[in-house]
Amino acid sequence: MVKASQLFYPTLREVPSEAEIASHQLLLRAGFIRKATAGVYSYLPLAKRVLRKIENIVREEMDRAGGQEVMMPIIQPQELWEKSGRWSLYGDEMFRVYDRHERGFALGPTHEEIITTLVDADVHSYRNLPLLLYQIQNKYRDEIRPRFGLMRGREFIMKDLYSFDVDYDSLDISYKKMHAAYQAIYNRMNLKYRVVEADSGAIGGNESHEFMVLADSGECLVLYCETCEYAANVEKAQCNAVPNPSPVSVQQEIEKISTPGLRTIQDLVANLGIPEHEQVKTLLYSADGDIIAAVLRGDRDLNEIKLKNYLGAEQLFMADEDSVRERCGAGFGSLGPVGLRLKIYADLEVAQMQNFSCGANEDDYHFCNVNMGRDFTAEAIIDLRNAEAGDPCPICSSGLQTIRGIEVGHIFKLGTKYSDAMGASFINANGEEKPMIMGCYGIGVSRTMAAAVEQNNDSNGIIWPMPIAPYHVIIIPVNANKKEQMEAAADIYKQLLAEGIEVILDDRDERAGVKFKDADLIGIPIKITIGPKSLQENLVEVKKRWESETKLVPMVKVVNTVKEIIAANMKK
RNA sequence: CGGGAUGUAGCGCAGCUUGGUAGCGCGUCUGGUUCGGGACCAGAAGGCCGCAGGUUCAAAUCCUGUCAUCCCGACCA
C-alpha cells in the first residue's frame, strides 16, 4: 500500500540555501535526502528505492559477467594498510579510528588491501582463476572538500569489483567483460554517457577507462572525436605536436626589453601587443622536493598529471614564490627558460615556436625573439598541456570537441601492484608460483543517482528515467472530497498493483495544484489524473513526465496504456 | 589547507550600520469557507539569534576566540 498520505517524502517549496547544483537542490526539495553533516546524507524512502534499482541493475550485470557478490568489512586493520604502504600514502583522506587498545583502523576508502589478503589466504591454484568478486557498500573518504550533495560525499555507496587473473591476456578478458558490463548498466538505466580513456591516478596500474554521464554541470571535461571513436578525459587526452602555423625562416636576435609592472601574459598582450601564442610561460614545480621548470605556450594550460606521470613523481605541487625567487632571481611573471639553471621540461609546441617572448628571470624584464635550442635547451620535450576543443584528434587528426560529464564509473588494470605488496600468488600449471594479475572496477552508486537527476530535470523537478524511477505511476484524483473520483482512483490503483506496477495513490486532501507540483517535483514518470469532466465519460488523463501533452484514456484501457509506456521506456 | 562568504523557528529571509520587549513569508496545528497547477479567513504552537568568553545598567546587534556550513583551488566513484 503506497498512499501519498502515508509516504515519507517531505517536499520543500524553497531551495535550501546550501544547495548549488540541480541534483542537490532537487533531491533535497523532493524529499529524497537530508544532510547529517558535510558530505554525509540520509536516504529517505524514495531515494532508497532508486538506489535499490540502480544496485539491482549493477548486480545483475556483474553476475552476468561472472562476478560473485561478497561483503567485506568497512573497518579494516592498520597492519593491512601498512603492508601496501597506503596507511601513510593515503594521508588525511582516510578516516581512521582507534579501538580501546589504541590499535588503528581505517574506514575503508576502497578494498584492494582486504580483498587481496582474502584471496591470498584461500586461492592458491590457477584452477581457481579467474576470480571476480564484488560488493556494494558504503565507502569512506575524508575529502578535502565534500560538495554538491551526493556528487562528492565523504560517505557514499560504491560497487567495487576486483578481478584476479593468471596472466595479462586473461586480465584483458576480465577487463573487456567489465567494460561491456558497464556499458550495459548505463544503457539499461537510460542515461546518456560516454566511455573515455583516463589516467589511472593514485590507484596505480596502466590502462583505465572512465564512464561519464553527460551533464553540463559535470566536473570533468571530456575531449572526443566525431570522426573516429577517440574520447578521453582532459587529464589524459593526448596532444600531438602541431606544426607552427606561421613558420619564419629567420631566427631574429634575442632582445631584452624593459617591461615595468608587466607580469601576466595578458599584460604583455595589452601593453606590447604580443599575442598569447607568441609567448611562453614558465611554471616552477616541486617534484618530490626537486624544483623543476615546465614551459609551454602562453595560451595553454599545464596538465599537471602529464608532468607528474612523466617525472614519475609521488608529489607535485607549484613552487611558492620564495623558492622561485631564490632559484631564479625573479618572481612570478618574470620567469623564463633562458639562462635558467633548472631542469626544463618543454611542451611539444614550444619546440615548434620561433621568436617568442618570455620572462628574463629579472623583475620587470622580458626577452623577445627567443628560440629553443639556440637560447636554451630542455631536459625533455614532451606533451605537457591540456587538450582543447579544436585540437587535432591523436588518432585521426580531425578537430576534437569538448563535452562535460560526471564520472560515475572507473575501471583499472592494476597488474601486480597489490598482489606483490600483499603477497597474493598462485601456482600455475607448470608448478611455478606467480603473482595474481589484478583489475579493479568501481561504480559510484549514490553518485549515479545524483548524475541521473543532473541529466534529467526541468524547472518543475526531477524526471526519472523509467528503469530507476522510485515509482512508475502516480494517481491523482483532482478533488479528494469527490467520492466518485476517489473510487475511480482506488480502482485503477488496485488494478495497477495487481499487475505488479509500482504506483503511488495521492490520496491527500490537498488542492490539485499541490498534488501536481509534488508529482512533478519527485519526478514520477507517469501521472494519471482523475478529473470530474472526463470521469463522466469514463476517461482519465495520462501524462508522461517528460512530455507536455496529456492523453485522455478510457478507464478500461488505462492499465494497458500504462504497461505499454513502461515497457517502451524500460529500454532504449 | 589557502582564498571568499554565511550561521536568527522545519525552509527562505529581515533586523545588526546607530545596543533597549526577536520579526516577516512559506510550512505545521485548530476551526470555517473553498477545490484542475503551490487557495482564503480567523486563531495557535514553534527561538540558548551556532557556541564560549568579554565590554555594558543592558548584547541577535560591539569585541575576542571557537565551531559549523557553503562557494573557488589541489583530490576522486
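Details of the structure are given in the entry above.
Just so it is clear, the model here is predicted, and its values are computed rather than measured.

Quick notes on the rules
Residues numbered from 1 in each chain as written. Chains lettered and ligands numbered in written order. Predicted model: local features only at pLDDT ≥ 70, side-chain atom pairs only at ≥ 80, totals over all residues. Heavy atoms only, no water. Buried < 20%, exposed > 50% of the residue type's maximum accessible area, 1.4 Å probe, protein only. Helix = DSSP H or I, 4+ residues; strand = E, 2+ residues; numbered from the N terminus. Pairing = 2+ DSSP bridges. Axes fitted to C-alpha atoms, helices over the stretch in contact; angles between N-to-C directions. Near = heavy atom within 4 Å. Polar contact = N/O pair within 3.5 Å; in protein donor to acceptor, adjacent residues only side chain to side chain. Contact = heavy atoms within 4.5 Å. Core = buried A, V, L, I, M, F, W, Y, C linked by side-chain atoms within 4.5 Å. Domains from an automatic or database assignment. Parallel < 35°, antiparallel > 145°, perpendicular 65-115°, else oblique. Left-handed = near helix turned anticlockwise from the far one by under 90°. Nonpolar A, V, L, I, M, F, W, Y, C, P; charged D, E, K, R; others polar.

(A) Representation of helix 12 (residues 445-455). Within helix 12, 11 of the 11 residues are buried, leaving the element largely enclosed by the surrounding structure. Taken as a whole, helix 12 has its buried residues at Val-445, Ser-446, Arg-447, Thr-448, Met-449, Ala-450, Ala-451, Ala-452, Val-453, Glu-454 and Gln-455.

(B) Region of the structure containing the sheet that holds strand 13 (residues 255-258). The strand order across the open sheet formed by 3 strands is 13-19-18, and the pairing between neighbours is antiparallel. Two strands bound the open sheet, and with one partner strand each, they are strand 13 and strand 18 (356-359). Across the sheet, the axes of successive neighbouring strands diverge by a mean angle of 30°, strand direction being ignored. Here strand 18 runs beside strand 19 (residues 365-370); their pairing, made up of 3 bridges, is antiparallel.

(C) Quick look at the protein's contact with RNA strand B. Neighbouring RNA strand B are 48 residues; Ser-17, Arg-145, Asn-481, Asp-520 and Glu-541 lie closest to it. When the atoms of RNA strand B within 4 Å of the protein are sorted by group, sugar and phosphate make up 46%. Separating a phosphate oxygen of RNA strand B from a backbone N or O atom of Ser-17 is a distance of 2.6 Å. Contacts to RNA strand B include Arg-141, whose side-chain N or O atom sits 2.9 Å from a sugar or linking oxygen.

(D) Local environment of the environment of Glu-304. Mapped onto the fold, Glu-304 is located in helix 8 (residues 304-311). Once you skip the residues sitting within four places of it in the chain, Glu-304 turns out to touch Tyr-285, Leu-316 and Met-318.

(E) Spotlight on the nonpolar core. One finds Phe-32, Tyr-182, Trp-464, Ile-475, Leu-496 and Ile-528 to be the most contacted residues of the largest nonpolar core, which totals 91 residues. With 8 residues, helix 2 (residues 45-64) is the largest single contributor of residues to this core. Summarising the domain contributions, this core has at least three residues from each of domain 1 (22-237 + 402-454) and domain 3 (471-570). Among residues more than four places away in sequence, those in contact with Ile-475 are Ala-489, Ile-492, Tyr-493, Leu-496, Val-503, Ile-504, Leu-505, Asp-506, Ile-528 and Ile-530.

(F) Molecular detail of the packing of helix 2 against helix 6 (residues 168-188). Axis separation between helix 2 and helix 6 bottoms out at 9 Å; the angle between their running directions is 150°. With respect to their mutual orientation, helix 2 and helix 6 come out roughly antiparallel. Between helix 2 and helix 6 lies a crossing whose hand is right-handed. Where helix 2 approaches helix 6, its residues Ile-57, Val-58, Glu-60, Glu-61, Met-62 and Arg-64 are matched on the opposing element by Met-178, Ala-181, Tyr-182, Ala-184, Ile-185 and Arg-188. Split by residue class, the contact of helix 2 with helix 6 holds 8 nonpolar, no polar and 4 charged.

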